[in-house]
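Each chain, written out:
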Amino acid sequence: MKPGGFLQSRLDRVNPLLIKDLRQYLRGRLFRIAFYVTLAAATTTAAVVIAEIGDSNRNSAGSILFTAAIIVYTIALFLIGPVLANRGMAMEREQLHLDALALTHLTPRRIVAGKFWSAAALSLLIGAAFLPAFAIAYTLFGLDYFVATAALLLTTLLGFALNMVGIWMACLARTSLASNLLLGLLMLVLGAALGFWISTTVLLFLVSGVGIRSELLAFLLGSASFAAFCMAGIRGLATLSAWLIAHPAEARIDKVRGAVLVLTGVAVASGRGVA
């Protein structure tokens, strides 16, 4: 057997659904457009920030560039990965592919795992567009390497958790209408998470930039607790998604109705707030 064929067989044995999804993503036009747009946004952000560096802010250039880059990175990670993960699982349900997969050796848990890891790999590929900006930020003055690395890792982990939220919402829907309504609810959840996390990240770098830092132990405990919360959420939602796939007859429409009511309530409240 050729080395390439051996490697391919090993990859297929890991999780065939993972390989299938990655092939579809990489060959699809949507991924290429998302990657090119993200790469252009990352390059433009880095170029604009570097062009504004002068004698007055030279000592904090690294922190400024990293903060700008991680804001755009958060937007890309929180919006692209979860939506694509949601649509990927929804298409499997709408095209009745899950019924065919149920006849193979793939268990519901492995199906959900394949969807999750393919979405995670897609998020990492999208995030790779920001590597040059982050690398330049690490070479400039004024960047707290520990805080920057922790913020980058936690942002990526939260993005993975949101991918799992998108998959779970796709498993929750029973019809195309419910799937579209839950997609709207997912967008609201992603918008809220995006606003909260960007505000938290900017505040963290502002505080660390002026020297008003919390104790190292408290920061470590907070980061570890947040990481544990994200991992527990991923595991819990994966279990619920696998249960919904394994017990389609027991997934009642009440859950979808509840989601629609929540979506309507949030939309009404947002409209009143804007008014």
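Not measured: the values here are computed from a predicted model. (Residues numbered from 1 in each chain as written. Predicted model: local features only at pLDDT ≥ 70, side-chain atom pairs only at ≥ 80, totals over all residues. Heavy atoms only, no water.)

**A short note on the overall build of the protein**
The helix and strand tally for the protein stands at eleven helices and zero strands. Helices and strands in the protein line up, N terminus first, as α-α-α-α-α-α-α-α-α-α-α. Within the protein, counting contacts between residues at least 6 apart in sequence, those at least 24 apart form 85% of the total. (Helix = DSSP H or I, 4+ residues; strand = E, 2+ residues; numbered from the N terminus. Contact = heavy atoms within 4.5 Å.)

**Concerning a nonpolar patch on the surface**
On the surface, Ile75, Leu79 and Met187 cluster together into a nonpolar patch covering about 210 Å² of accessible area. Inspection of the secondary structure assignment puts Ile75 in helix 4 (residues 61-94). A residue is classified by how much of its surface remains accessible, and Ile75, at 34% relative accessible area, is partly exposed. (Patch = residues over 30% accessible without salt bridge, like charges linked within 9 Å, V, L, I, M, F, W, Y side chains within 5 Å. Areas by Shrake-Rupley, 256 points an atom, 1.4 Å probe, with all protein chains shown as cover. Salt bridge = Lys/Arg side-chain N within 4 Å of Asp/Glu carboxyl O. Buried < 20%, exposed > 50% of the residue type's maximum accessible area, 1.4 Å probe, protein only.)

**So, the nonpolar core**
One finds Phe66, Tyr73, Phe78, Phe130, Phe134, Met164 and Ile167 to be the most contacted residues of the largest nonpolar core, which totals 72 residues. Those elements that provide at least two residues to this core are helix 2 (16-27), helix 3 (29-51), helix 4, helix 6 (108-127), helix 7 (131-139), helix 8 (145-172), helix 9 (176-209) and helix 10 (216-246). Setting aside residues up to four positions removed in sequence, Phe134 forms contacts with Phe66, Ala69, Ile70, Tyr73 and Leu152. (Core = buried A, V, L, I, M, F, W, Y, C linked by side-chain atoms within 4.5 Å.)

**Considerations on the packing of helix 6 against helix 8**
Two elements in contact, helix 6 and helix 8, have axes whose closest approach is 10 Å; the angle formed by their N-to-C orientations is 135 degrees. With respect to their mutual orientation, helix 6 and helix 8 come out oblique. Both helix 6 and helix 8 take part in a crossing whose hand is right-handed. Contact with helix 6, carried on its side by Val112, Lys115, Phe116, Ala119, Ala120, Ser123 and Leu124, involves Thr156, Phe160, Asn163, Met164 and Ile167 of helix 8 and no other residues of that element. The residue makeup of the contact of helix 6 with helix 8, split by class, is eight nonpolar, three polar and one charged. (Axes fitted to C-alpha atoms, helices over the stretch in contact; angles between N-to-C directions. Parallel < 35°, antiparallel > 145°, perpendicular 65-115°, else oblique. Left-handed = near helix turned anticlockwise from the far one by under 90°. Nonpolar A, V, L, I, M, F, W, Y, C, P; charged D, E, K, R; others polar.)

**A closer look at the confidence of the model for the protein**
For the protein, the average pLDDT comes to 77, and 74% of its residues sit at 70 or higher. Model confidence for the protein, summarised as mean pLDDT per element, is weakest for helix 11 (residues 253-274) at 52 and strongest for helix 7 at 90. Taken together, the stretch residues 271-275 has pLDDT below 50 and engages in zero contacts with residues farther than four places along the chain or on a different chain. (pLDDT = per-residue confidence, 0-100.)

**Considering the packing of aromatic side chains**
Per the stated rule, a full pass over the model turns up ten aromatic pairs. Arranged with centres 5.4 Å apart and planes meeting at 85 degrees, the rings of Tyr73 and Phe130 form a pair that is edge-to-face. One end of the pair, Tyr73, is in helix 4; the other, Phe130, is in the loop between helix 6 and helix 7, and 57 residues separate them in sequence. Accessibility assignment for this pair places Tyr73 and Phe130 in one class, buried. Pairwise contacts between aromatic rings join Phe66, Tyr73, Phe130, Phe134, Tyr138 and Tyr145 into one cluster. (Phe/Tyr/Trp six-rings, centres within 6.5 Å; stacked < 30°, edge-to-face > 60°.)

**Observations concerning the environment of Ser60**
Assignment of secondary structure puts Ser60 in the loop between helix 3 and helix 4. Placed 81 residues apart in sequence, Ser60 and Phe141 show a C-alpha to C-alpha distance of 5.8 Å. The contact partners of Ser60, leaving out residues within four places of it in the chain, are Phe141 and Gly142.

**Concerning the environment of Tyr138**
By the secondary structure assignment, Tyr138 is in helix 7. Residue classification places Tyr138 among the partly exposed positions, given a relative accessible area of 25%. Once residues lying within four places of it in the same chain are set aside, the contact partners of Tyr138 are Phe66, Leu143, Tyr145, Ala148 and Thr149.

**Observations regarding helix 7**
Buried within helix 7 we find Ala133, Phe134 and Ala137. On an axial view of helix 7, the arc spanned by its buried residues comes to 95 degrees, and they lie on one face. Away from its buried face, by an angle of more than 90 degrees, helix 7 presents the exposed residues Leu131, Pro132 and Thr139. (Arc of directions from axis to C-beta.)

**What about the packing of helix 2 against helix 3?**
It is the contact of helix 2 with helix 3, at a shortest axis distance of 4 Å, that shows an interaxial angle of 65 degrees. Counted together, Tyr25, Leu26 and Arg27 of helix 2 and Arg29, Phe31 and Arg32 of helix 3 form the full contact between these two elements. Along the lines of polarity and charge, the residues of the contact of helix 2 with helix 3 split into three nonpolar, no polar and three charged.

**Side note on helix 8**
The end-to-end C-alpha distance of helix 8, which contains 28 residues, comes to 41 Å, matching closely the 40 Å that a straight helix rising 1.5 Å per residue would cover. Judged by how many residues are buried, helix 8 sits mostly within the fold: 23 of 28 residues are covered. Of the residues flanking the start of helix 8, the one acting as N-cap is Asp144, its side-chain oxygen 3.2 Å from the backbone nitrogen of Phe146. (Expected span 1.5 Å × (residues − 1). Polar contact = N/O pair within 3.5 Å; in protein donor to acceptor, adjacent residues only side chain to side chain.)

**Examining the environment of Phe35**
Mapping Phe35 onto the fold places it in helix 3. Overall, Phe35 belongs to the partly exposed group, its relative accessible area being 23%. Separated by 88 residues in sequence, Phe35 and Ser123 have C-alpha atoms that sit 10.0 Å apart.

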